[in-house]
Amino acid sequence: MSLEVILKLFLWSCWTLAYLLIIRRAHLDKVPGMPFPATCLNVSWEGMMLFEHEFGGVGWITVFIWFALDTVIMVQYFLYARPTNVTTLADALFWPASLAMVIVGVGTPIVLSHAFHNPSGLIAAYFQNALMSILFCGMLLRRDSIRGQSIYVALAKMLGTS
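First, a word on scope: everything that follows refers to the structure included in this document. (Residues numbered from 1 in each chain as written. Predicted model: local features only at pLDDT ≥ 70, side-chain atom pairs only at ≥ 80, totals over all residues. Heavy atoms only, no water.)

Points about the packing of helix α2 (residues 36–52) against helix α5 (residues 94–115)
Here comes step 1: Across the interface, α2 lies against α5 with an axial gap of 8 Å and an inter-helix angle of 50 degrees. In terms of their interaxial angle, α2 and α5 are classed as oblique. The element α2 and its partner α5 pack so that their crossing is right-handed. Between α2 and α5, the contacting residues are Phe-36, Pro-37, Cys-40, Leu-41, Ser-44, Trp-45, Met-48 and Glu-52 on the first element and Ser-98, Met-101, Val-102, Gly-105, Val-106, Thr-108, Pro-109, Ile-110, Ser-113 and His-114 on the second.
Here comes step 2: When its residues are assigned to classes, the contact of α2 with α5 shows 11 nonpolar, six polar and one charged. (Axes fitted to C-alpha atoms, helices over the stretch in contact; angles between N-to-C directions. Helix = DSSP H or I, 4+ residues; strand = E, 2+ residues; numbered from the N terminus. Parallel < 35°, antiparallel > 145°, perpendicular 65-115°, else oblique. Left-handed = near helix turned anticlockwise from the far one by under 90°. Contact = heavy atoms within 4.5 Å. Nonpolar A, V, L, I, M, F, W, Y, C, P; charged D, E, K, R; others polar.)

What follows is the structure, encoded as structure tokens:
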């Protein structure tokens, strides 16, 4: 097995671990574990990789697993972020704003890949990974706690990105 294959397997394993840890922490804390825009972008990019590209083997299986895990993360968002009482305008706009974010999230990786003539989707992946890191920091600061997060999520994401 080549060094490149070993590194890919390591990086993919770290990302998978990050997703699993996000799901676990969100379930325990009853809060979304990933910023919703990042979730929308991930589901879109992974869907684009699954349905627009023809590749097989471990890469396809990995992207399928990520797509499934991100779908769970998206469901957790709707379970835990949904307001129970509509008391503010933001509460009233939860569903329309969430739908708008899903639409933008679905379109962004597709538009980026076509605009930059990058059918592999790597430019979109780098863009959303950088944005995801910023959004995670923003979520941490906004919550003023580590609810939904852990140092292990951060380490797994960092190693998966490297």
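Some details on unusual backbone geometry
Trans is the prevailing form of peptide bonds, just as negative phi is the prevailing case for residues other than glycine.
Here comes step 1: Even without glycine at this site, His-117 takes up a positive phi of about 50 degrees.
Here comes step 2: Assignment of secondary structure puts His-117 in the loop between α5 and α6 (122–143).
Here comes step 3: Since its relative accessible area comes to 69%, His-117 is described here as exposed.
Here comes step 4: Here Asp-144, not a glycine, exhibits a phi torsion of approximately 55 degrees, which is positive.
Here comes step 5: Take Asp-144: it is sitting in the loop between α6 and α7 (151–161). (Buried < 20%, exposed > 50% of the residue type's maximum accessible area, 1.4 Å probe, protein only.)

Remarks on the packing of aromatic side chains
Two measures describe an aromatic ring pair: the distance that separates the ring centres and the angle between the ring planes.
Here comes step 1: Per the counting criterion, the structure on display carries 11 aromatic pairs.
Here comes step 2: Taking the centre distance of 5.5 Å and the plane angle of 75 degrees together, the rings of Phe-36 and Phe-78 count as edge-to-face. Taken together, the positions of Phe-36 in helix α2 and Phe-78 in helix α3 (residues 57–80) put the pair 42 residues apart, joining distant regions of the chain.
Here comes step 3: Summarising the aromatic geometry, the rings of Tyr-77 and Phe-78 are spaced 5.2 Å apart at their centres and angled 75 degrees between planes, so their arrangement reads as edge-to-face.
Here comes step 4: Accessibility expressed as a relative area gives 13% for Tyr-77, which makes it buried. (Phe/Tyr/Trp six-rings, centres within 6.5 Å; stacked < 30°, edge-to-face > 60°.)

Structural notes on the nonpolar core
Here comes step 1: Membership of the largest hydrophobic core comes to 21 residues, with the highest contact counts inside it found for Tyr-19, Ile-22, Met-34, Trp-45, Trp-66, Ile-73 and Phe-136.
Here comes step 2: Among the secondary structure elements, those contributing two or more residues to this core are α1 (3–29), α2, α3 and α6.
Here comes step 3: If we skip the residues at most four places from it in the chain, Met-34 touches Tyr-19, Ile-22, Thr-39, Asn-42, Asp-70, Ile-73, Phe-136 and Met-139.
Here comes step 4: Grouped together as the second largest cluster of nonpolar side chains are six residues, Phe-36, Cys-40, Val-43 and Phe-94 included. (Core = buried A, V, L, I, M, F, W, Y, C linked by side-chain atoms within 4.5 Å.)

Quick look at a nonpolar patch on the surface
Here comes step 1: A contiguous nonpolar patch, built from Met-1, Leu-3, Val-5, Ile-6, Leu-7, Leu-9 and Val-58 and spanning about 680 Å² of accessible area, is present on the exposed surface.
Here comes step 2: Looking at the nonpolar patch, the element that brings in the most residues is α1, giving five residues.
Here comes step 3: Within the fold, Leu-3 resides in helix α1. (Patch = residues over 30% accessible without salt bridge, like charges linked within 9 Å, V, L, I, M, F, W, Y side chains within 5 Å. Areas by Shrake-Rupley, 256 points an atom, 1.4 Å probe, with all protein chains shown as cover. Salt bridge = Lys/Arg side-chain N within 4 Å of Asp/Glu carboxyl O.)

A word on the environment of Arg-143
Here comes step 1: By the element assignment, Arg-143 lies in helix α6.
Here comes step 2: You can call Arg-143 partly exposed: its relative accessible area is 24%.
Here comes step 3: Look past the residues within four positions of Arg-143 in its chain and what remains in contact with it is Val-31, Pro-32 and Gly-148.

Let's talk about α1
Here comes step 1: Compared with an ideal rise of 1.5 Å per residue, which puts 27 residues at 39 Å, α1 spans 39 Å between its outermost C-alpha atoms and is within 8% of the ideal.
Here comes step 2: Within the sequence span of α1, burial applies to Cys-14, Trp-15, Thr-16, Ala-18, Tyr-19, Ile-22, Ile-23, Ala-26 and Asp-29.
Here comes step 3: Residues of α1 that are buried in the fold lie against α2, α3, α6 and α7.
Here comes step 4: Backbone geometry just after α1 places Lys-30 at a positive phi near 60 degrees. (Expected span 1.5 Å × (residues − 1).)

These values are about where atoms sit, not about what they do.
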